Amino acid sequence: MALQSHLVELERKHKVLESQLHEALAHPSTDDLRIAELKRRKLMVRDEINRLRQGSATLH
């Protein structure tokens, strides 16, 4: 069950980052470094979600 709650939290973080990225892209004054950082963090969270799901699948 702890794995499932961790996945839910990571998915929530991913959605928050998606929203922040969308908001940053909507404002032309947003720094390119800020956008790159949001994309990097979003990708890291997505990779972690995928790793956990793959690890969970091999356990079943």
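Keep in mind the model is a prediction, meaning the values are calculated, not measured. (Residues numbered from 1 in each chain as written. Predicted model: local features only at pLDDT ≥ 70, side-chain atom pairs only at ≥ 80, totals over all residues. Heavy atoms only, no water.)

### Notes on the UniProt feature "coiled-coil region" (unreviewed entry) in the protein
Then step 1. In the numbering used here, UniProt assigns the feature "coiled-coil region" (unreviewed entry) to residues 7–55.
Then step 2. A helix fraction of 90% and a strand fraction of 0% characterise residues 7–55, whose end C-alpha atoms lie 12 Å from each other. (UniProt positions renumbered as here; feature names shortened; annotations may be inferred. Helix = DSSP H or I, 4+ residues; strand = E, 2+ residues; numbered from the N terminus.)

### A few points about the pattern of salt bridges
Then step 1. The tally for this structure, following the rule as stated, stands at five salt bridges.
Then step 2. Here Lys 42 and Glu 18 are joined by a salt bridge, their closest N and O atoms 2.2 Å apart. Of the two residues, Lys 42 sits in helix H2 (residues 32–59) while Glu 18 sits in helix H1 (residues 2–26), which places them 24 residues apart along the sequence.
Then step 3. Since its relative accessible area comes to 18%, Lys 42 is described here as buried.
Then step 4. Since its relative accessible area comes to 35%, Glu 18 is described here as partly exposed.
Then step 5. With a shortest N-O distance of 2.7 Å, Glu 37 and Arg 40 are connected by a salt bridge. Pair noted here: Glu 37 and Arg 40 are both in helix H2, with a separation of three residues, about one helical turn.
Then step 6. Looking at Glu 37, the relative accessible area reads 31%, which means it is partly exposed.
Then step 7. The exposure class assigned to Arg 40 is partly exposed, which follows from its relative accessible area of 43%. (Salt bridge = Lys/Arg side-chain N within 4 Å of Asp/Glu carboxyl O. Buried < 20%, exposed > 50% of the residue type's maximum accessible area, 1.4 Å probe, protein only.)

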